[in-house]
Every structure is written in C-alpha cells, then in structure tokens.
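# Summary of structural features
The lines below spell out each chain.
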Amino acid sequence: MRYNLSMSQLHIDLLEPAGFDDFLRYLNDHLSDNGRGDTAYFQPLPRADSRFPADKAAAFRAGMQTPPGTPGWRRVWLARAADGRIAGHIDLRAHPERYAAHRCLLGMGVDRAFRQQGLGRRLIEHAAHWARTSAQLAWIDLQVLSVNAPALRLYQSQGFERTGETHDLFRIDGRSFAYTGMSMRLDGHRP
Ligand SMILES: CC(C)(COP(=O)(O)OP(=O)(O)OC[C@H]1O[C@@H](n2cnc3c(N)ncnc32)[C@H](O)[C@@H]1OP(=O)(O)O)[C@@H](O)C(=O)NCCC(=O)NCCS
C-alpha cells in the first residue's frame, strides 16, 4: 500500500536511545526488501540474511550517545508521517580509520510505502545540514551497490560525486556485485 506524504506534516527527528527497539523493527522490515521483486539489492547481504545483525546492536546504541568526532559516534534521524509511522531514516557515523574525524559515512532508506515523493532528498538535506553546521564535518562519504540505480540517482542529484568503483566486490546469491564510492564536500573547498 502506498501512502501520500504531506511534506508539511512530516517530522524529521533525532532517534533517541529509548526509540531504538521500535527503529530496529522498522529497519528489519525495510531490509526484508533487499533484492526482493523490483527492488534492487541495496545491502551487501543475501536475501535469506537481510536483517540487522544482532551482534551490532550494542555498538549501534553506544554510538548514538558518543560525541561526534569521537571514534564510534553515530546519529540517526527518523522521518515520521502524520500518524507517527516511520517513513524513512538516515544515519551518519564515524569512519573506522584514524585521522578521518573530519569525515563521516552515510546510510539511509525510505519505507516502500513512501518512496518517490521527495523524502530521500529531504533526509539527505537534513543530515547534511547537521553535519555542516552542528558537527562541522568537511565530507560525507558513502558506498552503494552499483545495481542500486534509484540510490545512485538520488545521491548524484544531491551533490555526491563518484570516487570509484570496485568490480566483483561481493558474491551474493550466486551473483557478482560492484560497489560504488561517492563523496560530498560540505565546507565549500575543493580538494
Ligand atoms: C533510494 C531511496 C532511498 C530513494 O528514496 P525516495 O524517497 O524514493 O527518493 P526521492 O523521492 O527523494 O527521489 C529523489 C531522486 O532520487 C532518484 N530516484 C528515486 N527513486 C528512483 C527510482 N525508483 N528510479 C530512478 N530514480 C529514482 C531520482 O533522481 C529522484 O529525483 P526525481 O524525482 O526528480 O526524478 C529509496 O528508493 C530506498 O529506500 N531504496 C531502498 C534502500 C536503499 O537503496 N537505500 C540506500 C542504500 S545505499
């Protein structure tokens, strides 16, 4: 079923630790779309294992309470429809490498019932504004499966530039997948 979004009634709010279990239920439902029907694979996970890995929950929770700029930090924002239902999410997190605290990594998704109404764009604008103004980061980086045409188009339209592609990075469900790297500069300087 498809829901028409009224952008004026849409709220994008930071996920607080108390809402984490609710978010995980939404995320597991979202991940069940991975490679299903018309939806391209959007996570490097096999169809049979397309759920949030349970062993990562503790680090995820801890990251939400870690200050930006500190190893392991993470922030998640949820878009909610007027009835409170989660319509989409975006998260920014620390790079695992040292000396890269001026950059972050992005992940996101929009619930199947709310796609192609501009919500993906709104979520990126929201997170990029926070990264630029509150966290004072210089770059947002991401990796996307090269078969995920909707996401590639969305990122390009929002100012991300391709930085490279690794062919045959994953072999999942009997198929080979390439991974595309993309980055967006936030501070206006050229490299
Ligand atoms: C990719 C995704 C986040 C897009 O969210 P969305 O809310 O539908 O995107 P928007 O409505 O804001 O679309 C913005 C732009 O993205 C592109 N886009 C979005 N959906 C598209 C589709 N199905 N086909 C082609 N381009 C698409 C278009 O350029 C669009 O601009 P336009 O409407 O002016 O043509 C959503 O399809 C999704 O959650 N997919 C599954 C999870 C996923 O891929 N996450 C990203 C993992 S890296």
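As a starting point, this report considers the structure included with it. Note that this is a predicted model, so its numbers are computed, not measured.

Here the focus is the overall build of the protein. In terms of regular secondary structure, the protein is built from four helices and seven strands. For the protein, the succession of helices and strands along the chain, N to C, is β-α-α-β-β-β-α-β-α-β-β. Relative to its length of 191 residues, the protein is compact, with a C-alpha radius of gyration of 16 Å against a globular reference of 16 Å. Along the three orthogonal principal directions, the C-alpha set of the protein runs to about 40 × 40 × 35 Å. Counting all 191 residues of the protein, 45% fall into the buried class. Restricting the contact set of the protein to residue pairs at least 6 apart, pairs at least 24 apart contribute 59%. About 10,500 Å² of surface is accessible on the protein, with carbon and sulfur atoms providing 48% of the total. Each charge class in the protein was averaged separately, 25 positive and 20 negative side chains, and the resulting centres sit 2 Å apart.

What follows deals with the site of the ligand. Lining the immediate environment of the ligand, one finds 19 residues, of which Val110, Gln116, Gly118, Gly120 and Asn148 sit closest. Residue asparagine 148 places a side-chain N or O atom 2.7 Å away from an oxygen atom belonging to the ligand. If the ligand stood free it would expose 910 Å²; the protein chains cover 79% of that surface. Among the secondary structure elements, those contributing two or more residues to the shell around the ligand are strand 4 (103-110), helix 3 (119-133) and helix 4 (149-157). Ranked by the residues each element gives to the shell around the ligand, the list is headed by helix 4, at five residues. Of the residues in the shell around the ligand, the class split is nine nonpolar, seven polar and three charged.

Moving on to helix 1 (residues 20-31). Compared with an ideal rise of 1.5 Å per residue, which puts 12 residues at 16 Å, helix 1 spans 16 Å between its outermost C-alpha atoms and is within 8% of the ideal. Within helix 1 the residues assigned to the buried category are Phe20, Phe23, Leu24, Tyr26, Leu27, His30 and Leu31. Each buried residue of helix 1 sits inside an arc of 165° when the element is viewed along its axis, so together they form one side. Along its buried surface, helix 1 packs onto helix 2 (57-63), strand 2 (74-80), strand 3 (86-94) and strand 4.

With that settled, the discussion passes to the pattern of salt bridges. For the structure on display, the rule yields 13 salt bridges. One salt bridge in this structure joins arginine 74 and aspartate 91, with 2.7 Å as the shortest N-O distance. Of this pair, arginine 74 sits in strand 2 while aspartate 91 sits in strand 3, and the two are 17 residues apart along the sequence. Here arginine 74 and aspartate 91 have matching classes, each one buried. Among the ionic pairs, arginine 103 bridges to aspartate 141, the shortest N-O distance being 2.6 Å.

On to unusual backbone geometry, then. Leaving glycine aside, a negative phi is the common case for residues, and trans is the common case for peptide bonds. The phi dihedral of glutamine 136 is positive, around 50°, even though this residue is not glycine. Positionally, glutamine 136 belongs in the loop between helix 3 and strand 5 (139-145). With relative accessibility at 63%, the residue glutamine 136 sits in the exposed group. At aspartate 168, a position not held by glycine, the phi torsion is positive, near 55°. Among the secondary structure elements, aspartate 168 is positioned in strand 6 (residues 161-172).

Counting 37 residues, the largest nonpolar core has Leu92, Leu106, Leu119, Ile140, Tyr155 and Phe160 as the members making the most contacts within it. Of all the secondary structure elements, the ones that give two or more residues to this core are strand 2, strand 3, strand 4, helix 3, strand 5, helix 4 and strand 7 (175-185). Looking at this core, the element that brings in the most residues is helix 3, giving seven residues. The contacts of leucine 106, once residues within four sequence positions are left out, are Ile90, Asp91, Leu92, Arg93, Ile140, Asp141, Leu142, Tyr155 and Phe160. Phe20, Leu24, Phe60 and Ile86 belong to the second-largest nonpolar core, a separate cluster that totals 15 residues.

What counts, and at which threshold
- Residues numbered from 1 in each chain as written.
- Predicted model: local features only at pLDDT ≥ 70, side-chain atom pairs only at ≥ 80, totals over all residues.
- Heavy atoms only, no water.
- Helix = DSSP H or I, 4+ residues; strand = E, 2+ residues; numbered from the N terminus.
- Rg over C-alpha atoms; globule rule 2.2 N^0.38 Å.
- Buried < 20%, exposed > 50% of the residue type's maximum accessible area, 1.4 Å probe, protein only.
- Contact = heavy atoms within 4.5 Å.
- Areas by Shrake-Rupley, 256 points an atom, 1.4 Å probe, with all protein chains shown as cover.
- Lys, Arg positive; Asp, Glu negative; His and termini not counted.
- Charge placed at Lys NZ, Arg CZ, Asp CG, Glu CD.
- Near = heavy atom within 4 Å.
- Polar contact = N/O pair within 3.5 Å; in protein donor to acceptor, adjacent residues only side chain to side chain.
- Nonpolar A, V, L, I, M, F, W, Y, C, P; charged D, E, K, R; others polar.
- Expected span 1.5 Å × (residues − 1).
- Arc of directions from axis to C-beta.
- Salt bridge = Lys/Arg side-chain N within 4 Å of Asp/Glu carboxyl O.
- Core = buried A, V, L, I, M, F, W, Y, C linked by side-chain atoms within 4.5 Å.

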